[in-house]
Amino acid sequence: MIVRFLDIVIGGLLMGGIYALIAVGFSLQYGVARVLNVSHGEFIMLGAFATWSLYTLWGVNPLISLVICAPIFFIIGFVIHRTYYTPLRISSESLAVFEGSSMLASFGLLFVIQNIALIVWGAPVKGYSYLAHPISFFGAVFSANRIVTLLASVILGLIFYLFLARTRIGKAIRAAAQDPDAAELMGVRIHQVLALCFGFGTMMAGLGGLLISMTSVMITPFMGLEYTLIAIIVVVLGGLGNIKGSFIGGFILGLVGTIVSYIQPGLSLVAYYLIFLLLLLIRPTGILGK
Amino acid sequence: MKAITKKYSLLGILIILLLILLVGFPRYVSAYKVIFLTNVLMYVIITLSWVIFSGSTGYISLAPAAFFGVGVYASAILSKSLFLPVFILIGGLASFCLAFLIGGLTLRLRGMYFMMFTFGLVELIRHFVQWWEVNITGTVGRLVPVLHHITIYYAIVVIFLLVLLTSYVIRRSKFGLALQSIGECEEVAAHTGVNVTRVKVLTFAVSAFFIGVVGATMTMRWQYIDPSTAFDIRLSFMPVLMAIFGGMGHLYGPIVGASIFSFLDEILATKFPYYYMLLFGVTMFVVIRFMPHGVEGVIQKWNKRERRGPSETP
């Protein structure tokens, strides 16, 4: 009984770590940059493919790829925001219009990235195994790579939290999240900051994908959308734009997922959406909202 | 006054011409072209019905795929025992009821929240149906008896005319004005005596009805359906894009947008099967960035310039 319980709880936490990481990235892009980035999952997919290529072709350890991938993904996101979303935001009549059109544009981005990946890597499923030996924890057994992913995502989350709380740029980001116009009046270079947020969001998606690929999942060009949906659900769970909430929400959803799939496998996605819809109806500001 | 009557008679002639063309079309062209036109009309209908609700109120609904799928399943279950018009109607009514229920529950959500809810709804229903088929029925997907493509074509033409008529009537009526005022400012609309909830829910349900009807009709062409084709999320995004591409201020906007877009869709899919979705994504990107008011906006800009004379344009 206790072992079962540990199985479920630890399994949920392990899954939740990754959910939390990708949701924080998504939350940053929507909460601050106001782009509901449907292509978030595609960057996760790209992260997974990049790691797979580095590992199988050049034998680069996935944990070292973490350092290689982070700046690359950040730059991709930053450039996309500067060249596309910034002019779109300037030319939109209102923020509401921008939210609608940027969401649709990100859907276009989804197709573009997905098909580039299809052309580069092809449709067949890819995967690799890394640190796949079992670790026993009071009788509950897990593979080592899952523990590594949990640790990595918690550490990344903490680093980012400190960055937001302690640095000047972090302060600018928080100001931009509260009121972009006021922040601009106070001398924050608003478009630079929004692009930074989008870049950080993309970076976390890429790193999330990297960690996901370590847990021997199947890597395909079509794996992204599922993670986008999970990110959306977690972000609503934690409250839109609430970064701490997203982090906690990720763990909650991970736990719920393992509990439901323990009772009735196959219904976990249904349960996710049910929670999501109920939350939107009863408490749209999220569990941590006012 | 004279100009107005002239404009109307011109419009009347155009509509009659269009009707003759649509009805006579299958007699003179190949089966492929009939099927192709059926597809185009399907998107035109979905886009028009989407615009009935979302175009005027400004609530972006991503639920069309859910209503379409409900129609598909209704007709897949009933088509073996009932006539075409009957189960098409039932498909539409099923979507109507679903939309009525959802509308009542959710229309107090605004903006992004409404969009996310409708998006989540499609996925919820799809996963639930999938789970149901795997665990309860034991078979995923089902076979559907196929009807002749010309029968389906005519059914679609009739639905198209009905949607056109409905949108026109709604636009010209007090009801349409109420919708418009909700889109401009909901609080003001409520204060001027519009029963905001009733108007919104009813319109949402009417728009869902037509999408369900199309779903029920198109099923007869597919032979085999399963949850991922019936509740294809692309069906939710396409009408939004097509409406934006065409523009939503006039009735011709969505029609032009959906026609051009689905035409492009077909050509890209046959000419460049490998790069098709890539090109599709790029098109979306460009349209949203450079044509925020769609074809309609371009035409209006052009009209204004014409009226002012080319020398005056800055």
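The rules we used
- Residues numbered from 1 in each chain as written.
- Chains lettered and ligands numbered in written order.
- Predicted model: local features only at pLDDT ≥ 70, side-chain atom pairs only at ≥ 80, totals over all residues.
- Helix = DSSP H or I, 4+ residues; strand = E, 2+ residues; numbered from the N terminus.
- Buried ≥ 20, exposed ≤ 12 C-beta atoms within 10 Å, placed from the backbone.
- Contact = placed C-beta atoms within 7 Å.
- Core = buried A, V, L, I, M, F, W, Y, C linked by C-beta atoms within 7 Å.
- Nonpolar A, V, L, I, M, F, W, Y, C, P; charged D, E, K, R; others polar.

**With respect to the overall build of chain A**
Phase 1 of the analysis: For chain A, the count of helices and strands is 11 helices and two strands.
Phase 2 of the analysis: Starting at the N terminus and ending at the C terminus, chain A contains elements arranged as α-α-α-α-β-β-α-α-α-α-α-α-α.
Phase 3 of the analysis: Projected onto its principal axes, the C-alpha positions of chain A cover 60 × 45 × 35 Å.
Phase 4 of the analysis: Taken across its 290 residues, chain A has 51% of its residues classed as buried.
Phase 5 of the analysis: Pairs at least 24 apart in sequence give 77% of the contacts found in chain A among residues at least 6 apart.

**Some words on unusual backbone geometry**
All names here are of chain A.
Phase 1 of the analysis: Notably, Arg 34 is not glycine yet its phi reads approximately 60 degrees, a positive angle.
Phase 2 of the analysis: Considering the arrangement of structural elements, one finds Arg 34 in the loop between helix H1 (2-31) and helix H2 (40-58).
Phase 3 of the analysis: Using a count of 23 C-beta atoms within 10 Å as the deciding quantity, one classes Arg 34 as buried.

**Thoughts on the nonpolar core**
Generally speaking, a soluble globular protein has its nonpolar side chains buried in company with each other.
Phase 1 of the analysis: Core analysis: the biggest nonpolar cluster contains 177 residues, and Ile22(A), Cys197(A), Ile233(A), Val236(A), Ile45(B), Val214(B) and Leu241(B) have the highest contact counts within it.
Phase 2 of the analysis: Look past the residues within four positions of Leu241(B) in its chain and what remains in contact with it is Leu104(A), Phe261(B) and Met284(B).
Phase 3 of the analysis: The next biggest cluster of nonpolar side chains, apart from the first, holds five residues, and it includes Ala178(B), Leu179(B), Ile182(B) and Val194(B).

**Focus: the interface of chain A and chain B**
Phase 1 of the analysis: Taken residue by residue, the interface counts 30 residues in chain A and 31 residues in chain B.
Phase 2 of the analysis: At the level of secondary structure, the elements contributing two or more residues to the side of chain A that touches chain B comprise helix H3 (62-91), helix H4 (95-121), helix H9 (224-238) and helix H11 (268-282) of chain A.
Phase 3 of the analysis: Looking at the side of chain A that touches chain B, its residues break down into 24 nonpolar, five polar and one charged.

**Quick look at the environment of Glu184(A)**
All names here are of chain A.
Phase 1 of the analysis: You can see Glu 184 is positioned in helix H7 (residues 180-185).
Phase 2 of the analysis: Residue Glu 184 is classed as partly exposed on the basis of its C-beta count, with 15 C-beta atoms lying within 10 Å.
Phase 3 of the analysis: For the pair formed by Glu 184 and Val 260, sequence separation is 76 residues and the distance between their alpha carbons is 46 Å.

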